[in-house]
Amino acid sequence: ILTTEQLVEKVKSNMDERRFQHCIRVSEECKKLAKLNGYYDIYKAQVAGFIHDYAKQISVDRFIKIIKEQDFDLDLLNYNRVIWHGIVGAYFIQHELKINDDEILTAVRRHTTADVEMSLLDKIVFVADYIEPGRDFEGVEEARKVAYDNLDEGVGYELAHTLAYLVKQRSKIYPKTVLAYNKWSVINS
Ligand code: DGI
Ligand code: FE
Ligand code: FE
Ligand code: FE
């Protein structure tokens, strides 16, 4: 078990300063959303937000090695590496940060792709990552408004806009992201 100071140092040394500042802002945004939604452990929400991008700048080679050696679904290799830092990032967090809390690890796993099943903490981290104060993209103010009003609708808004963005780029979409969109974003069936 690491002390808070050791955890902060380890996270800081695994990424550049810009990414580290994003992690701090997501942690604060998680605290805010946790309070707003009556989550039972504010500190846990802060920790989850702080570490969510721990693996963001780990090399492709290290990811591929872990995906192959640790029996991850090899289909992950057929999708954009951007989705690995959540799903596989949880492995690095367990082993390098010694965090074994399933709620935290699951929130990290789901923070990029989302999922059909989303716990309250999953939703908090997913949305906080999208609306933290450093984010500046077309629609972010609307995303904040929607999310503060209703967290589930915040998840739906984020997925709809992320999918639209990915489609516009002609990016490959991980199937789970599409399933999550169907669950959280669809208004007209
Ligand atoms: O790590 P962050 O940049 O803070 O945020 P994130 O982990 O939510 O990653 C966001 C990016 O991931 C955003 O550009 C959309 C992209 N993304 C999410 N789902 C998919 C995806 N990209 C592809 N190619 N496929 C997906 O299914
Ligand atoms: Fe991320
Ligand atoms: Fe996200
Ligand atoms: Fe992030």
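Residues numbered from 1 in each chain as written. Chains lettered and ligands numbered in written order. Predicted model: local features only at pLDDT ≥ 70, side-chain atom pairs only at ≥ 80, totals over all residues.

### Focus: the overall build of the protein
Formally: The helix and strand labels rest on DSSP assignments: H or I over at least four residues marks a helix, E over at least two residues marks a strand, and numbering proceeds from the N terminus. Throughout, the radius of gyration refers to the C-alpha atoms, and the reference size of a globule is 2.2 Å times the residue count to the power 0.38. Here the C-beta atoms are placed from the backbone, and a residue counts as buried if at least 20 other C-beta atoms lie within 10 Å of its own, exposed if 12 or fewer do, and partly exposed otherwise. Each residue is represented by a C-beta atom placed from its backbone, and any two residues with such atoms within 7 Å are regarded as in contact.
A count of helices and strands for the protein gives 11 helices and 0 strands. Reading the secondary structure of the protein in the N-to-C direction produces α-α-α-α-α-α-α-α-α-α-α. For 189 residues, the compact-globule estimate of 2.2 N^0.38 gives 16 Å, and the C-alpha radius of gyration of the protein, at 16 Å, lies within 12% of that figure. For the protein, the proportion of its 189 residues judged to be buried stands at 33%. Taking as baseline every contact in the protein between residues at least 6 positions apart, the subset at least 24 positions apart corresponds to 61%.

### So, the site of ligand 1
Quick reminder of the rule: The C-beta atom of each residue is placed using the backbone, and any residue whose C-beta lies within 6 Å of a molecule or strand is treated as near it. Note that Gly is not counted as nonpolar here; it falls among the polar residues with everything else outside the nonpolar set of Ala, Val, Leu, Ile, Met, Phe, Trp, Tyr, Cys and Pro and the charged set of Asp, Glu, Lys and Arg.
Surveying the vicinity of ligand 1 reveals 17 residues, the closest of which are Asn80, Thr112, Ser171, Tyr174 and Thr177. Of the residues in the shell around ligand 1, the class split is 5 nonpolar, 8 polar and 4 charged.

### Re helix H3 (residues 42-51)
Judged by how many residues are buried, H3 sits mostly within the fold: 7 of 10 residues are covered. Buried positions along H3 lie against helix H1 (4-12), helix H2 (17-36), helix H6 (89-96), helix H7 (102-109) and helix H8 (120-131).

Geometric descriptors of this kind do not, in isolation, establish any biological role.
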